[in-house]
Amino acid sequence: MGVALTDVAEATLAAALRAALAAQPPMPGLRFAVIGMGRLGGYEMSYPSDADVLFVYEPPPGVPDDRASAAARAVAEELRRLLAMPAPDPPLGVDADLRPEGRQGPLVRSLAAYAQYYARWSKVWEAQALLRARFVAGDADLGARFAELVDPIRYPAAGLTREQVTEIRRIKARVESERLPRGADPATHTKLGRGGLADVEWAVQLLQLRHGGRIEGLRGTRTLDALTAARAADLVDPADAAAMAAGWTCAAQVRNALTLVRGRPSDQLPRHGAELAGVVRLLGGDDPGEFLDDYLRTARRSRAAVQRVLDA
């Protein structure tokens, strides 16, 4: 399901980019690429997912960078406008907040500007976000050179310092306490709850940052592929790897089912009622109580495995 929805999102972005480029005054030689991040970059899109992206350009020879930057920004803004327009299908949200400096930073940067930023200012959370970065639309050569640029950042040859590992743990704890919606049940929140999607992803990404510089199998954007590689390299106990894979897969399936049952994005699995029954039926079950017990048990085992990885 994740790969299929990702394919649809990529095709949509590519079509919108072609239209956005055609709508702008011509600038021969301008290169522009869309870099997938988050679930888009990880081939893990779900029904509620936005498309997390970075925009990168390269100016034509002889064209002042400020002029090329303005042209590239116009392309990015037009792409976002087109995808937000009313249509029979839900819009594909395009989220560029993972760019350097977040919402305060430029919407688009040149490849050279990205190189300068990451060399001077990059923080460990940005290296973590780049673990899922991959080319999805536009100029493929520019996209490939962006990947070459960020590989040493996301797969540091020396791994992480003790201080960086502590920082990742601190950020995770802060996200867990601040981003879970008010009144949400952490035991059954598929995205941010205990043993759910984000929990497993943080643990796997920590392993990638610590060991990706020396273990090639960890250098990929897909969570479960990286987890499999970590298990093969004896970085994770096989039972813990299985528990995390089960927790992540279960949460992803339930998240998609919740959206279909409710007709709108949702991350919270209810503990009773018609919506729980609908999710169970959609996923091939017939006993809501038994299904909920299985979910809670799977999530608890996943959470315990995640904690062992984070504390190692």
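Notes on the structure follow. Source: prediction; values computed, not measured.

Here is what the cut-offs are and how they apply
- Residues numbered from 1 in each chain as written.
- Predicted model: local features only at pLDDT ≥ 70, side-chain atom pairs only at ≥ 80, totals over all residues.
- Heavy atoms only, no water.
- Helix = DSSP H or I, 4+ residues; strand = E, 2+ residues; numbered from the N terminus.
- Expected span 1.5 Å × (residues − 1).
- Polar contact = N/O pair within 3.5 Å; in protein donor to acceptor, adjacent residues only side chain to side chain.
- Core = buried A, V, L, I, M, F, W, Y, C linked by side-chain atoms within 4.5 Å.
- Buried < 20%, exposed > 50% of the residue type's maximum accessible area, 1.4 Å probe, protein only.
- Contact = heavy atoms within 4.5 Å.
- Axes fitted to C-alpha atoms, helices over the stretch in contact; angles between N-to-C directions.
- Parallel < 35°, antiparallel > 145°, perpendicular 65-115°, else oblique.
- Left-handed = near helix turned anticlockwise from the far one by under 90°.
- Nonpolar A, V, L, I, M, F, W, Y, C, P; charged D, E, K, R; others polar.
- Patch = residues over 30% accessible without salt bridge, like charges linked within 9 Å, V, L, I, M, F, W, Y side chains within 5 Å.
- Areas by Shrake-Rupley, 256 points an atom, 1.4 Å probe, with all protein chains shown as cover.
- Salt bridge = Lys/Arg side-chain N within 4 Å of Asp/Glu carboxyl O.
- Phe/Tyr/Trp six-rings, centres within 6.5 Å; stacked < 30°, edge-to-face > 60°.
- Lys NZ or Arg CZ within 6 Å of the ring centre and 35° of its normal.

In this model, helix 10 (residues 238-262) (25 residues) spans 36 Å end to end at C-alpha, consistent with the 36 Å of a helix rising 1.5 Å per residue. Looking at where helix 10 begins, the residue whose side-chain oxygen comes 2.9 Å from the main-chain nitrogen of Ala239 is Asp237. Directly beyond the C-terminal end of helix 10, a positive phi value near 75 degrees is found at Gly263.

Moving on: the nonpolar core. If you look at the biggest cluster of nonpolar residues, it comprises 52 residues, and the most contacted ones within it are Met244, Val254 and Leu269. Of all the secondary structure elements, the ones that give two or more residues to this core are helix 5 (124-129), helix 7 (162-178), helix 8 (197-211), helix 9 (223-232), helix 10, helix 11 (274-282) and helix 12 (288-311). Excluding residues within four positions of it along the chain, Met244 makes contact with Val200, Ala203, Leu227, Val236, Ser302, Ala305, Val306 and Val309. Of all hydrophobic cores here, the second largest spans 31 residues; its members include Ala71, Val75, Leu79 and Leu83.

Moving on to the packing of helix 1 (residues 2-23) against helix 3 (residues 65-84). Between helix 1 and helix 3, whose axes approach to 8 Å, the crossing angle comes to 125 degrees. Considering the angle they form, helix 1 stands oblique to helix 3. The interaxial crossing formed by helix 1 with helix 3 has right-handed handedness. Across the interface between the two elements, Thr12, Leu13, Ala16, Leu17, Ala19, Ala20, Leu21 and Ala23 of helix 1 pack against Val75, Glu78, Leu79, Leu82 and Leu83 of helix 3. Here the contact of helix 1 with helix 3 is composed, by residue class, of 11 nonpolar, one polar and one charged.

Moving on: a nonpolar patch on the surface. On the surface, a cluster of nonpolar side chains totalling about 530 Å² of accessible area is made up of Met1, Tyr47, Leu260, Val261, Leu282 and Leu283. Positionally, Leu260 belongs in helix 10. Given a relative accessible area of 49%, Leu260 falls into the partly exposed group.

This part is about unusual backbone geometry. With phi around 55 degrees, Tyr43 is a residue other than glycine that occupies positive phi space. Inspection of the secondary structure assignment puts Tyr43 in the loop between helix 2 (38-41) and strand 2 (51-58).

Turning to the packing of aromatic side chains, a few remarks are in order. According to the stated counting rule, one finds four aromatic pairs in the structure shown. Judged by centre distance (6.0 Å) and plane angle (20 degrees), the ring pair of Tyr114 and Tyr118 falls under stacked. Of the two residues, Tyr114 and Tyr118 are both situated in helix 4 (residues 111-120); the distance of four residues between them amounts to about one turn of the helix. Each member of the pair, Tyr114 as well as Tyr118, is classed as buried. Site record: aromatic cluster; members linked through ring pairs are Tyr114, Tyr117, Tyr118 and Phe146. A cation over a ring is seen here: Arg134 above Tyr43, with NZ or CZ 3.7 Å from the ring centre.

Read these as spatial facts, not as claims about activity.
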